[in-house]
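# Observations on the model geometry
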Amino acid sequence: MSTLDQQERPGSARMQRVLEEIAQERARQEHLLSIGKFTHTCASIDGMSEHARMTVLTEEYLEADELARAMLRLARGVNDRDELTELRKELVQIAAVAAAWVESIDTRIELSEG
């Protein structure tokens, strides 16, 4: 197994770092909720429909102008470090929104069992 293969396995240091960044972004979202910037997050167990959660996730993707610009430049073969860094940042934010939605589903499942 190559070194690269070992780094890409779930549980690798690289994966742990990515998951930690997603967790930090989730914490940031909850902080923004606590100071009134949002009325809900996708992790909220009430006040948001599944359609609303999908809308938030879609908006996060579609409104990410930086993501779109980085993807266009990368598609043209421009592998600029800044472009890759911006793309990565936006993907962490999108992953955090998806993780919040999963949190909500898990919480609602637990409440329904309980």
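This write-up is about the structure you can find in this document. (Residues numbered from 1 in each chain as written. Predicted model: local features only at pLDDT ≥ 70, side-chain atom pairs only at ≥ 80, totals over all residues. Heavy atoms only, no water.)

Mapped onto the elements, leucine 111 comes out in helix α5 (residues 81-113). Given the relative accessible area of 56%, leucine 111 is considered exposed. For leucine 111 and isoleucine 45, which are 66 residues apart along the polypeptide, the C-alpha to C-alpha distance reads 9.8 Å. (Helix = DSSP H or I, 4+ residues; strand = E, 2+ residues; numbered from the N terminus. Buried < 20%, exposed > 50% of the residue type's maximum accessible area, 1.4 Å probe, protein only.)

Moving on to the side chain of glutamine 29. On the secondary structure map, glutamine 29 appears in helix α2 (residues 13-34). Among the polar contacts made by the side chain of glutamine 29, one reaches the side chain of arginine 26 at a distance of 2.7 Å. In this view, glutamine 29 contacts Phe38, Thr41, Gln93, Ala96, Val97 and Ala100; residues no more than four positions away in its chain are not counted. (Polar contact = N/O pair within 3.5 Å; in protein donor to acceptor, adjacent residues only side chain to side chain. Contact = heavy atoms within 4.5 Å.)

Attention now goes to the pattern of salt bridges. Where side chains of opposite charge bring their charged atoms close, a pairing between them can arise. A full pass over the atoms with the stated rule returns six salt bridges. As a salt-bridge pair, glutamate 21 and arginine 88 come within 2.6 Å of each other at their nearest N and O atoms. With a gap of 67 residues between them, glutamate 21 in helix α2 and arginine 88 in helix α5 connect regions that are remote in the sequence. With relative accessibility at 24%, the residue glutamate 21 sits in the partly exposed group. Among the salt bridges present, the one from arginine 108 reaches glutamate 50, with a minimum N-O distance of 2.5 Å. Pair noted here: arginine 108 is in helix α5 and glutamate 50 is in helix α3 (residues 50-62), with a separation of 58 residues, a long-range link. Accessibility expressed as a relative area gives 28% for arginine 108, which makes it partly exposed. Overall, the relative accessible area of 32% leaves glutamate 50 in the partly exposed class. (Salt bridge = Lys/Arg side-chain N within 4 Å of Asp/Glu carboxyl O.)

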